[in-house]
Amino acid sequence: MLQSFIQNIFNALQWGSFYSLIALGYCLVYGVLLLINFAHGDIFMVGAYIAFYVCMLFLGKFGIIPGMPGWLVLALAVPLTMMLTAVVGVTLERVAYRPLRRKGVNRLYVVITALMCGLILEHANLALLGASRRSFPTLIPTTVYNIAGVNITNVKLGVILVAVLAFFFLRFVVVKTKIGMAMRAISYDRFAVPLMGIPADSVIVFTFVLGSGFAGLAGLLFAVTYPVLDPYMGALIGWKAFIAAVVGGIGSIRGAFAGGFLLGFVEIMVVAFFPSTLRDLIAFTILLLILSVKPTGLFGVARRTKI
Amino acid sequence: MKKSLLGALALVLLTALPAFAADSIKLGFNIPMTGDIPDVGESSKNSAEMLKKKINDAGGLDIGGKKYTLEFVYEDNESKAESALSAARKLITQDKVLGIIGPQSSKQAVPAGEASNELKAPMISPWSTNPNTTKGRPFVFRGCFLDTFQGPVAAKFATEEFGAKKAAVIYDIASDYPKGLAEDFKAAFEKINGPGSVVAFETFTTKDVDFSAQLTNIAKSGADVLFTPQYYNEVPLIVKQAKSMGFNKPVLGSDSWGSGDLMGLCGDDCKGLFFVTHYAAAGAKGKTKEFIDEYTKLYNKTPDDVAALTWDSINLMLDGVKRMGPITGDMEKDRDALRKAMTSTKDFDGITGQMSFNPEGDHDPVKCAVVVKIDDAGKFGFYKSVCPN
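Residues numbered from 1 in each chain as written. Chains lettered and ligands numbered in written order. Predicted model: local features only at pLDDT ≥ 70, side-chain atom pairs only at ≥ 80, totals over all residues. Heavy atoms only, no water.

- If you look chain B up in an unreviewed UniProt entry, it shows as ABC transporter substrate-binding protein from Desulfolutivibrio sulfodismutans.

- With an unreviewed UniProt entry as reference, chain A is termed Branched-chain amino acid ABC transporter permease, source organism Desulfolutivibrio sulfodismutans.
- Listed under Subcellular location (unreviewed entry) in UniProt, the entry text for chain A is "Cell membrane".
- Here chain A is described in UniProt, under the heading Sequence similarities (unreviewed entry), as follows: "Belongs to the binding-protein-dependent transport system permease family. LivHM subfamily." (UniProt positions renumbered as here; feature names shortened; annotations may be inferred.)

Spelled out as structure tokens, the structure:
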């Protein structure tokens, strides 16, 4: 019983890592623009596909470059996937969100545009690459460590570690750096910031680079862990990560991180000890209760500024 | 539009009448040439054309010393239920076929079966495993086994092959096929090994990718074998995650494993695993091998289970035609005679196994299932056949 419980804690940490990584992206964009970037789940999906093609390229499957060993491919794929996914995120900002922002339309329209962008990404993938699923190559062989009856794999440890590092990195960027200060300033008052000589657009682009880059990282790790890719893989997990970010207190990095792990934890524990049909019911009832007690989420603070 | 349709209809009727006069037997095909699963329609048509050519080249079907040539009418059901219904009606009332082969999937076979039964024309579905297709329909037959048979076969195989005393099951509770099959497996396994011998009966929901909590329970349950009646996109995830949870025992699957690109997605992790299905191409012998070789030569690909089952179903119907007595030309009489002849099919030797129909009750063949072992090259090889009881 105790072994199962500890095993499930590790399962939950791994599953929660994905929610957290995606929730961090929602949180950054929302924090700066007050925009819920509903395309984020699909950017995560694009990240997984980019990772797939990057890895296939480095493994020598396309014949342009000779094959490399798996660990080297992984090491090269991480920065490259993050960069390329960031390009996709920034492109979306450029073609969809910025023109709307320039015209000064209501935020509602931007949110709807974001939803639409997500659908475009999904169906562009379906149209260009077909409905058949892809199998992500095995880069590093999975090793199972059995510690007192608890099975932990190197992949699992890696995923959890990366999620934690990503959290500390983003927190450092937002809290300690100058550009982080600019991000917070835009969040506080978008119209006064340019008057202070801060290039608001560059800061917003930087935010999308960070958010999408980490979605790409999540996509890569997800593909390594669950090596079957399909065009709709980002939709549901994106929605759930968004809910996790809201429960954590959207706009708070700590909140997004905690919310992701909370959701992962509840989902895994429900499945472990109850029938799986109850999973979403119990998980979201708990989240709803949290929100009804604390509507701003676990780490959120009520906004008092008028926009 | 209507005019051209009527014209086409008249043309069909006109061409049909002299065809009958020239001693031919006309069978209809209600198959998906377009829509979601065009591959299934293609396999069916390939098989049918191959068989027709073979028989017609030999001078036709010999019935009581008289030669009849075969004539096949292909009707596209677009893999839709309503199109399958209208295709069945058209084949029976306008094309005046003696019997119908198809539809293939249960989604189309269940409604089309109702139409065929109402219009009193024999129909055989090669591939539909849903019990409702033939249930209470004397004119409807099938060429494959039922899901209620497949589960017990898997349970029996797990017990005999792996010496399993305890089994675990993981399945998608939101999908009818895996759900039904998982329950059938559980009932059969507990019948053999006693109540409570299915020590873990874990569920998930369509589109889930993380099964770690369920597999933790399964790994801890002490099960000797894991049964998972899932599709080719979920099997790799289940198999891989089971390994990372320290579950290194055999994993067993169902006929859904054979469709799609299982090995492309699963790779090395699925090698050495077993699943229950209708037939195995690799390592086949005798008549089955002859069929596979001929088909491969003609169409440049290995026939799938649909092609093999279609081949058998046509032959089964033609076997009935041979035994039904003289063909009178009175559609109603002939169709009923064919039904009667098919009902009494006994030990029909097909390439997917021996088939007999039970004269009483529904027309589901009593046949053996094939257990396939995925070999080291990733090919689905024949391992053994498991028969009912």
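Read on, since the account is not over.
Concerning the interface of chain A and chain B
Moving on, step 1. Each partner contributes residues to the interface: chain A has 29 residues there, and chain B has 26 residues.
Moving on, step 2. Counting each side, the surface lost to burial between chain A and chain B is near 2200 Å², with a carbon and sulfur contribution of 56%.
Moving on, step 3. The largest per-residue losses of area from chain A upon contact with chain B belong to R133, Y226 and V228 of chain A, which jointly make up 22% of the total buried on that side.
Moving on, step 4. Among the ionic pairs, D208 of chain B bridges to R279 of chain A, the shortest N-O distance being 2.8 Å.
Moving on, step 5. Between chain A and chain B we count 10 residue pairs in polar contact (both at pLDDT 80 or more) in total.
Moving on, step 6. At seven residues, the largest contribution of residues to the side of chain A that touches chain B is made by helix 1 (residues 2-33) of chain A.
Moving on, step 7. The residue inventory of the side of chain A that touches chain B, partitioned by class, reads 11 nonpolar, 14 polar and four charged. (Contact = heavy atoms within 4.5 Å. Buried area = accessible area lost by both parts, 1.4 Å probe. Salt bridge = Lys/Arg side-chain N within 4 Å of Asp/Glu carboxyl O. Polar contact = N/O pair within 3.5 Å; in protein donor to acceptor, adjacent residues only side chain to side chain. Helix = DSSP H or I, 4+ residues; strand = E, 2+ residues; numbered from the N terminus. Nonpolar A, V, L, I, M, F, W, Y, C, P; charged D, E, K, R; others polar.)

As for empty space enclosed by the protein
Moving on, step 1. Here the structure, examined in full by the defined rule, presents two cavities of 30 Å³ or more.
Moving on, step 2. Quantified by volume, the largest cavity comes out at close to 70 Å³.
Moving on, step 3. Counting residues per element, the ones that place at least two in the lining of the largest cavity are helix 9 (253-273) of chain A together with helix 7 (212-221) of chain B.
Moving on, step 4. Here the lining of the largest cavity gets three residues from one element, more than from any other, and that element is helix 9 of chain A. (1 Å grid on protein atoms, 1.4 Å probe; cavity = no way out; pocket = protein on both sides within 12 Å on 5 of 7 lines; lining within 4 Å. Points joined across faces, edges and corners; volume = space filled by probe spheres on them.)

A word on the packing of helix 1 of chain A against helix 2 (residues 40-58) of chain A
All names here are of chain A.
Moving on, step 1. Where helix 1 meets helix 2, the closest approach of the two axes is 10 Å, and the angle between their N-to-C directions is 130°. As the angle between them shows, helix 1 and helix 2 are arranged oblique. Note that helix 1 runs across helix 2; the crossing there is right-handed. When helix 1 is examined against helix 2, the residues I22, G25 and Y26 are found in contact with a partner set consisting of H40, G41 and F44. (Axes fitted to C-alpha atoms, helices over the stretch in contact; angles between N-to-C directions. Parallel < 35°, antiparallel > 145°, perpendicular 65-115°, else oblique. Left-handed = near helix turned anticlockwise from the far one by under 90°.)

Some points on the packing of aromatic side chains
Moving on, step 1. What the rule picks out here adds up to 35 aromatic pairs over all chains.
Moving on, step 2. Here the aromatic rings of F18 of chain A and Y226 of chain A are separated by 5.9 Å at their centres, their planes lie at 55°, and the arrangement is tilted. Of this pair, F18 of chain A sits in helix 1 while Y226 of chain A sits in the loop between helix 7 (200-225) and strand 4 (228-229); the two residues are 208 residues apart in sequence, bridging distant segments of the chain.
Moving on, step 3. Classification of F18 of chain A by relative accessible area gives buried; the value is 0%.
Moving on, step 4. Judged by relative accessible area, Y226 of chain A falls into the buried class, the value being 1%.
Moving on, step 5. Between F291 of chain B and Y295 of chain B the ring centres are 5.8 Å apart and the planes differ by 45°, which places this aromatic pair in the tilted class. Pair noted here: F291 of chain B and Y295 of chain B are both in helix 10 (residues 286-299), with a separation of four residues, about one helical turn.
Moving on, step 6. The class of F291 of chain B is buried, set by a relative accessible area of 3%.
Moving on, step 7. The exposure class assigned to Y295 of chain B is buried, which follows from its relative accessible area of 1%. (Phe/Tyr/Trp six-rings, centres within 6.5 Å; stacked < 30°, edge-to-face > 60°. Buried < 20%, exposed > 50% of the residue type's maximum accessible area, 1.4 Å probe, protein only.)

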